[in-house]
There are 2 protein chains.
Amino acid sequence: MSAFIEPIGRLINQFTKLPGVGAKTAQRYAYKVINMTEDEVKEFAESLLKAKSEVRYCSVCGNFTDRETCDICSTRDSSVICVVKEPKDVLAMEKAHEFKGVYHVLHGTISPMEGITPNDIKIKELLARIAQGGVEEIIMATNPDVEGEATAMYISSLIKPLGIKVSRLAHGIPVGSELEYADEITLSRAILDRKEI
Amino acid sequence: MSAFIEPIGRLINQFTKLPGVGAKTAQRYAYKVINMTEDEVKEFAESLLKAKSEVRYCSVCGNFTDRETCDICSTRDSSVICVVKEPKDVLAMEKAHEFKGVYHVLHGTISPMEGITPNDIKIKELLARIAQGGVEEIIMATNPDVEGEATAMYISSLIKPLGIKVSRLAHGIPVGSELEYADEITLSRAILDRKEI
């Protein structure tokens, strides 16, 4: 006899597919669902299905949208393109309320270790956008890790010859943190990239 | 313009209803769902609906079941009844592989602070089971907190006059823990309840 009756066991199993959810957490989630009203559970199930069926990728930038072209692409200045790895990075950038241009989502970064080549991510699509003209600057906002840096370097080597300005997000000490806790590489970058005040 | 497009925002909102899930975690879950295949999401949504529609309470003990009477009630010795607060406590008890009797789920504990009176939990149902005869012992396994203790005392005061043995789970130092970290109340209970070896 299994510890769980079948419908609960199956739901727990589904919850464990979510990132960072183990058996214990999945169990708590499942019990919570069983204690919801029927309407609440229906709404939950529908929102799962709708998120999957209605969300697609913007045909221009590759960000999530529920239309053909996303809100950002259809309303903002397209002369500056910020290149990010994933849709969630667009969100992170937007929260900073600093960038007023458009995005390009690569849907990955070059990683020879994982067999991800430049052809596996949306670099061709970026070059096609640039070929249409009007682009003045590309901001590389891939993560500051090995793959992100390599991807930024690779893309910049393709774009710079076209006479377009390519920049990279600044590295440095996070605002509000303490010097003591900054790792050495970050600190050395902060020193190298110091600004006159 | 909201940070999220509507179908994603709605799904995130649903995930935040799960216990301990904040906006950031809900967002990670939602993005994971969008990256699942259509079939996977369908399976997820169905398991939510089925858990809600198929799971009901055992007519005898009040534990979760997908039948009229749960597996435990229909197969085990019903002369010893272990009284617990919630269905998940049945699971915890079962994991110990020590108890061979049946359960009674109170679906709450008496709590004047929250306005939960003896009539709001399944005490009448427990007394009805006892009235049917054949019960030799009631083990009170409500939580060792104020409400759990009070509920155990209250129920025991109703049952003892019927000539039925009422016991309480032992308190003491958790196995594998260190004396140093035991709180004072636990330690004092462990001293009072010491056993000859």
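Okay, so let's go over this structure. These figures come from a predicted structure and were not determined experimentally. Along each chain, numbering runs from 1 in the same order as the chain's sequence is written. To label them, take the chains in the order written and letter them from A, then take the ligands in the order written and number them from 1. Local features are withheld for residues below a pLDDT of 70 in this predicted model, meaning they are given only at 70 or higher, and side-chain atom pairs are given and counted only at 80 or more; totals for whole chains, interfaces and linings count all residues. To get the side-chain values, take all heavy atoms of the structure and skip hydrogens and water.

Here's the deal with the overall build of chain A
In step 1: Looking only at helices and strands, chain A features eight helices and six strands.
In step 2: Across chain A, helices and strands are ordered from the amino to the carboxyl terminus as α-α-α-β-β-α-β-α-β-α-β-α-β-α.
In step 3: When its C-alpha atoms are laid out on the principal axes, chain A stretches across 65 × 45 × 35 Å.
In step 4: Considering chain A as a whole, with its 197 residues, one finds that 41% of them fall into the buried category.
In step 5: Contacts were defined at the residue level, with two residues in contact if any of their heavy atoms lie within 4.5 Å. Once local pairs closer than 6 in sequence are excluded, the contacts in chain A between residues at least 24 apart make up 45%.
In step 6: Computed by Shrake-Rupley with a 1.4 Å probe, the accessible areas treat only the displayed protein chains as cover when residues are assessed. Counting only carbon and sulfur atoms, one obtains 54% of the accessible surface of chain A, whose full area is about 11300 Å².
In step 7: By the counting scheme adopted, Arg and Lys are positive, Glu and Asp are negative, and His together with the chain ends is not counted. Taken as the charge centre is NZ of Lys, CZ of Arg, CG of Asp or CD of Glu, depending on the residue. Of the side-chain charges in chain A, 24 are positive and 29 negative, and the distance between the mean point of each set is 3 Å. Going along the chain from the N terminus, every DSSP run of H or I of four or more residues is numbered as a helix, and every run of E of two or more is numbered as a strand. Under the scheme applied here, a residue whose accessible area is under 20% of the maximum for its type counts as buried, over 50% as exposed, and between as partly exposed, the area being computed with a 1.4 Å probe on protein chains only.

Some points on the pattern of salt bridges
In step 1: By definition, a salt bridge exists where a carboxyl oxygen of Asp or Glu is found within 4 Å of a side-chain nitrogen of Lys or Arg. For the structure on display, the rule yields 14 salt bridges over all chains.
In step 2: In this structure, the salt-bridge partner of Glu94 of chain A is Arg76 of chain A, at a minimum N-O distance of 2.8 Å. Remark: Arg76 of chain A occurs in the loop between α4 (71–75) and β3 (80–84) and Glu94 of chain A occurs in helix α5 (residues 87–95); sequence separation between them is 18 residues.
In step 3: For Asp71 of chain B, the salt bridge goes to Arg67 of chain B, with nearest N and O atoms at 3.2 Å.
In step 4: Residue Asp71 of chain B is classed as partly exposed on the basis of its relative accessible area of 26%.
In step 5: Overlapping salt bridges bring together Asp66, Arg67 and Asp71 of chain A as one network.

Brief notes about the interface of chain B and chain A
In step 1: Taken together, the contact between chain B and chain A spans 51 residues of the former and 52 residues of the latter.
In step 2: Summed over both partners, the accessible surface that disappears when two parts come together, traced with a 1.4 Å probe, is what is meant by buried area. Interface of chain B and chain A: buried area, both sides summed, is about 5000 Å²; carbon and sulfur atoms make up 71% of it.
In step 3: Summed over the shared surface of chain B and chain A, the result is zero salt bridges.
In step 4: Here a polar contact is recorded for every N or O atom pair within 3.5 Å, except that within protein the pair must consist of a potential hydrogen donor and a potential acceptor, and residues adjacent in sequence are included only if both atoms are side-chain atoms. Counting across the chain B and chain A interface gives seven residue pairs in polar contact (both at pLDDT 80 or more).
In step 5: Secondary structure elements with two or more residues in the side of chain B that touches chain A: α1 (6–15), α2 (23–35), α3 (38–54), β2 (64–65), α4 (71–75) and α5 (87–95) of chain B.
In step 6: Examining the composition of the side of chain B that touches chain A, we find that 14 residues originate from one element, α3 of chain B, more than from any other.
In step 7: Considered class by class, the residues forming the side of chain B that touches chain A number 27 nonpolar, seven polar and 17 charged. Basically, the charged four are Asp, Glu, Lys and Arg, the nonpolar ten are Ala, Val, Leu, Ile, Met, Phe, Trp, Tyr, Cys and Pro, and anything else, Gly included, counts as polar.

A short note on the relation of the copies chain B and chain A
In step 1: Once chain B has been moved 0.0 Å along the axis and rotated by 180°, it coincides with chain A to within an RMSD of 0.1 Å. Such a combination of turn and shift is consistent with a two-fold rotation axis. Residue Ala45 of chain B of chain B places its C-alpha closer to the rotation axis than any other residue of that unit, at 2.2 Å.
In step 2: Take the interface residues of chain B: 100% of them recur as interface residues in chain A, which is what a same-surface contact looks like. The fit set for superposing copies consists of C-alpha atoms from residues with pLDDT of at least 70 in both; the fit itself is least squares.

A closer look at the side chain of Ser47 of chain B
In step 1: Residue position: Ser47 of chain B is located in helix α3.
In step 2: The residues touching Ser47 of chain B, leaving out its near neighbours within four places in the chain, are Arg10, Leu11 and Gln14 of chain A.

Let's talk about the pairing of strand β5 (residues 137–140) of chain A
Residue and element names in this part refer to chain A.
In step 1: Residues Glu137 and Ile139 of β5 are buried on one face, and the alternating residues Ile138 and Met140, pointing to the opposite face, are buried as well.
In step 2: For β3 and β5, the ladder comprises four bridges, and the chain directions are parallel. For Val83, the partnering residue across the bridge sits in β5 and is Met140.
In step 3: By the bridge criterion, four bridges tie β5 to strand β6 (residues 165–168) in an arrangement that is parallel. The residue of β6 that forms the bridge with Glu137 is Lys165. Strands pair, by our definition, only if DSSP identifies at least two bridges between them.

Overview of unusual backbone geometry
Residues and elements named next belong to chain B.
In step 1: Even without being glycine, His97 reaches a positive phi, approximately 50°.
In step 2: By the element assignment, His97 lies in the loop between α5 and β4 (102–105).
In step 3: A positive phi angle is found at His107, which is not glycine, with a value near 55°.
In step 4: Given a relative accessible area of 26%, His107 falls into the partly exposed group.

Regarding a negative patch on the surface
All names here are of chain A.
In step 1: Grouping into patches uses exposed residues only, defined as over 30% relative accessible area, and leaves out salt-bridged ones; the cut-off is 9 Å for like charges and 5 Å for nonpolar side chains (Val, Leu, Ile, Met, Phe, Trp, Tyr). A cluster of like negative charges, contributed by Glu38, Asp39, Glu40, Glu43 and Glu46, occupies part of the molecular surface.
In step 2: Relative to the elements of secondary structure, Glu46 occurs in helix α3 (residues 38–54).
In step 3: The class of Glu46 is partly exposed, set by a relative accessible area of 46%.

Quick notes on α3 of chain B
Residues separated by three or four positions in an α-helix point in the same direction, a consequence of the helix having 3.6 residues per turn.
Residues and elements named next belong to chain B.
In step 1: With 17 residues, α3 should cover 24 Å at 1.5 Å per step; its first-to-last C-alpha distance of 24 Å lies within 8% of that length.
In step 2: Those residues of α3 that fall on the buried side of the exposure criterion are Val41, Phe44, Ala45, Ser47, Leu48 and Ala51. Seen from one end, α3 has its buried residues packed into an arc of 155°, which puts them on one side. Exposed side chains of α3 directed beyond 90 degrees from the buried face belong to Glu38, Asp39 and Ser53. Each residue after the first adds 1.5 Å to the expected span of a helix. As used here, the arc belongs to the directions running from the helix axis to the C-beta atoms.

Quick look at the nonpolar core
In step 1: Ranked by size, the top nonpolar core spans 44 residues in total, and within it Ile8, Phe15 and Leu48 of chain A together with Ile8, Phe15, Leu18 and Leu48 of chain B carry the most contacts.
In step 2: Of all elements in the fold, only α1 (6–15), α2 (23–35) and α3 of chain A together with α1, α2 and α3 of chain B reach the threshold of two or more residues within this core.
In step 3: Setting aside chain neighbours within four positions, we find Phe15 of chain B in contact with Leu18, Phe44 and Leu48 of chain A together with Val21, Ala26, Tyr29, Ala30 and Val33 of chain B. To define a nonpolar core, start from buried Ala, Val, Leu, Ile, Met, Phe, Trp, Tyr and Cys residues and group those joined through side-chain atoms within 4.5 Å.

These results come straight from atomic positions and should not be treated as a statement about function.
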